[in-house]
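Given next are the chains, with one letter for each unit.
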Amino acid sequence: MTDPSLSGRPGPEPGAGGRPAPEPPAAGPLAGLRVLDLATLFAGPLAATLLGDYGAEVIKVEHPHRPDPSRGHGPAKDGIGLWWKLLGRNKKTVTLDLSHPDGRDVLLRLAAGADVVVENFRPGTLERWGLGWEELSARNPGLVLARVTGFGQFGPYARRPGFGTLAEAMSGFAAITGEPDGPPTLPPFGLADAIAALTTSYAVMAALHGRTATGRGQVIDLALIEPMLTVLGPQPLWYDQLGHVQPRTGNRSANVAPRNTYRTADGSWVAVSTSAESVAGRVMRLVGRPEVIDEPWFATGAGRARHAEELDGAVAGWIARHDRAEVLAAFEKAEAAVAPIYDIREVMADPQYQALDSITEVPDEELGTVRMQNVLFRLSETPGGIRWAGRPHGADTDEVLAGIGLTGPEIGALRAAGAL
């Protein structure tokens, strides 16, 4: 078990050295919930991880011979995939061939005692295996089934393979990302998957709360393309009412200015944001252009955006004459919004992240101690926590199946039959 002083996030008073003081173990607010994670790559599994971080018992179901692909994504150490250590944390791992008749029967037994099933197979796959909503809800009327796909369960694209990259492209995100004279730009990480995971975990909690009133579970149909539309803001409204299509503006904003990345005299980079007029005024005073504050156009974000060249030029010129430390100190003194542009080395060394324990240490049976992102937020009474990092493939199969009444010989027979 992870020391709760390292991975729990109750927001305690600082202890020695400014680190969080040790807290007693906490079960988490979702203790007592059982989640079956049947999903892969990446939104569905991450949603299950978020539930596990706050106490849910998460059982990760993987194919006996084809482990979750995230085990093989990205860098590995000693043949052990590091991404899985994050994505698989707080999960018990079992192997089960859902397409095998015996594997199907075991899954139905597991589902009978579960609260949530998370899956991301193409629509119709679970039904083909005899594991659709009709069969699952017959075994467990209170079950919540979260179905996470690229395009949803119906419509002309429903059966297409769907990945986060496609959602980033089709949502409009890529079209507005990049330099004005450059190509559309995709994020170099799983942005759409992460947003969909957050949305899925919220949807699960909404469905579970609904169950308290009705006693019945329900199906969650989540398409990767839809959460991305929401986070992109009022673009549909702008187009509907004005015919306005947001262009690519690089690091500038189409809504306010100055807002950009700026290079300092020592070759570092900082980001400046001026969403509020008062902050924009402080920035312009700091960089020696207070006269623009009295211009009528300065009073609105849209007005400032129309004068981005002038405002950006003034800010860039001032920042270019100062080292990063000087820029940060001057902006902080002026109560203006600025941040250094970090790579991961600087993130892990930053004192604010350290104070929050945002990157925490987790004991791991395979790699010793690993450092990874902590749980997402602090709860004062029922904090979440990282109980363990991602476990080896199938490590908990026997324990989990024994928990639903299977004997050792029965588990051995299932394994010999290829169901496990």
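All figures in this text were calculated on a predicted structure; none of them were measured in a lab.

Student: Which residues make up the packing of aromatic side chains, and what are the values?
Tutor: Each aromatic ring pair is specified by the distance between its two centres and by the angle formed by the two planes. Considering all chains together, one arrives at six aromatic pairs under this definition. An angle of 10° between the planes, with centres 4.4 Å apart, marks the rings of Y54 and F377 as stacked. One end of the pair, Y54, is in the loop between helix 2 (43-53) and strand 2 (57-62); the other, F377, is in the loop between strand 13 (368-373) and helix 17 (397-403), and 323 residues separate them in sequence. With relative accessibility at 5%, the residue Y54 sits in the buried group. Above the plane of the ring of Y157 lies R160, whose end atom (NZ or CZ) is 3.8 Å from the centre. Across from the ring centre of F298, 5.5 Å away, lies the NZ or CZ of R304, which sits over that ring.

Student: Could you give me a rundown of the pairing of strand 7 (residues 144-149), with the residues and numbers involved?
Tutor: Across the six residues of strand 7, six count as buried, placing the element largely inside the fold. Judged by which residues are buried, strand 7 turns out to be covered on both faces: V144, A146 and V148 on one side and L145, R147 and T149 on the other are all buried. For strand 6 (residues 116-119) and strand 7, the ladder comprises four bridges, and the chain directions are parallel. What sits directly across from V118, in strand 7, is A146.

Student: So, the nonpolar core: which residues are in play, and what are the values?
Tutor: In this structure, V35, A56, V116, V204, I220 and M228 are the most contacted members of the largest nonpolar core, which totals 39 residues. For this core, the elements supplying multiple residues, two or more each, are helix 2, strand 6, strand 7, helix 8 (191-214), strand 8 (219-223) and strand 13. Ranked by residues supplied to this core, first place goes to helix 8 with eight residues. With near-sequence residues (within four places) excluded, I220 lies in contact with V144, L145, A146, R147, A203, V204 and A207. Core analysis: the next-biggest nonpolar cluster, separate from the first, contains 27 residues, L36, A111, L136 and I404 among them.

Cut-offs used in this document
- Residues numbered from 1 in each chain as written.
- Predicted model: local features only at pLDDT ≥ 70, side-chain atom pairs only at ≥ 80, totals over all residues.
- Heavy atoms only, no water.
- Phe/Tyr/Trp six-rings, centres within 6.5 Å; stacked < 30°, edge-to-face > 60°.
- Helix = DSSP H or I, 4+ residues; strand = E, 2+ residues; numbered from the N terminus.
- Buried < 20%, exposed > 50% of the residue type's maximum accessible area, 1.4 Å probe, protein only.
- Lys NZ or Arg CZ within 6 Å of the ring centre and 35° of its normal.
- Pairing = 2+ DSSP bridges.
- Core = buried A, V, L, I, M, F, W, Y, C linked by side-chain atoms within 4.5 Å.
- Contact = heavy atoms within 4.5 Å.

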